[in-house]
Amino acid sequence: MVDPIQVETISVRLTRLFEGHWSYEEFTKLMPFGLGSEGQAFAFSTDSRIEGERLSGSYRMVQYPRWRADGIYLADAHGLVETDLGQQVITKAAGYVIPVPDTKDRWTITHWMRFWTSAPDLAWLNETLAVGLGSMVRGEARVRYFAASPTTGPTDLAEGAPKLSLLGTARWEYPEYEAVRVFGDREGVGFASSTGEVRGGPLEGAWRGWHYPTYLRNGLYQLDAHVTIDGPHGLILNRHAGLATRPAQPPGDVLYDVVQHATFVTEAPGLAALNRTLALGVGYVHEPGLVHLSYYGVSG
């Protein structure tokens, strides 16, 4: 049973990566069920760029966002960065594009982003999950991206970093955990169930989850999970994914650092803001299989 007393909040470190600039060469939205319903869009960017001290280069991006009935785009973007040295980085980003009230052609963007590269100098990106905050004004997007990690040390925010609002701290364990090693080595897939609780914010409630991680040959865990949180104000559905990585200097019984991106769905009127909140989760996996993680809402 998860200890209900130990729910101390875990802090976040945000390190600036780069700023992305893009616009769309083509943007198409289809409304197959009528103008007042949900729809699907497709878009691809013009020649665009990202600029940062640790990563800069040209940027091409394809979007396949869902248009939600409340007027929000659910971003789903795949991209390619090519540095001036010819290094290639594939990206995937998702999140929310929300219209600014009473303002024409202006949107707020909150993203998460992951990276894949074979360039040795950029290998650290494969273990990085970033959060982005920015805007689109009259078709021109500017988004600042920051690498996220859990920390027990100082938490001074990087310049221009998004605001983080604590949504709750979760602790859970796995009564069931199975793994299939597809190729007879460290690479494989898993299935697990989890039980626990969330305390200290609007996500407070009983936790029940189903997890489908994949394991790569270098020991990197790629997370994917669906969760129900049954709280005093109603049921919250949580979808999260992200990374579990071996810390360079593990403190105490820590096996992995965990960084997640998460979204929520709820019918509870008092929690309606969760339906448009991109969350960042940071924490640790403790031996034997106990997870302790704090969720933060990302905003400007």
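Before reading further, recall that the structure is shown in the block above.
Treat the numbers as computed from the prediction; the structure is a model and nothing was measured.

A. Main features of unusual backbone geometry. With a phi close to 60°, Asp102 is a non-glycine residue in the positive phi region. Structurally, Asp102 is set in the loop between β8 (88–99) and β9 (106–116). Residue Asp102 is classed as exposed on the basis of its relative accessible area of 84%. Of note, Arg138 is a non-glycine position whose phi angle comes to about 50°, a positive value. Note on placement: Arg138 falls in the loop between β10 (129–137) and β11 (140–151). Looking at Arg138, the relative accessible area reads 66%, which means it is exposed.

B. Just the pattern of salt bridges, in detail. With the rule as written, the count across this model stands at nine salt bridges. Residue Arg16 pairs with Glu19 through a salt bridge whose shortest N-O separation is 3.9 Å. Look at Glu19 and you get buried, because its relative accessible area is 18%.

C. Just the side chain of His292, in detail. For His292, the position within the fold is in strand β20 (residues 290–299). Of note is the side chain of His292, whose polar atom sits 3.3 Å from the side chain of Arg171.

Calculation rules
- Residues numbered from 1 in each chain as written.
- Predicted model: local features only at pLDDT ≥ 70, side-chain atom pairs only at ≥ 80, totals over all residues.
- Heavy atoms only, no water.
- Helix = DSSP H or I, 4+ residues; strand = E, 2+ residues; numbered from the N terminus.
- Buried < 20%, exposed > 50% of the residue type's maximum accessible area, 1.4 Å probe, protein only.
- Salt bridge = Lys/Arg side-chain N within 4 Å of Asp/Glu carboxyl O.
- Polar contact = N/O pair within 3.5 Å; in protein donor to acceptor, adjacent residues only side chain to side chain.

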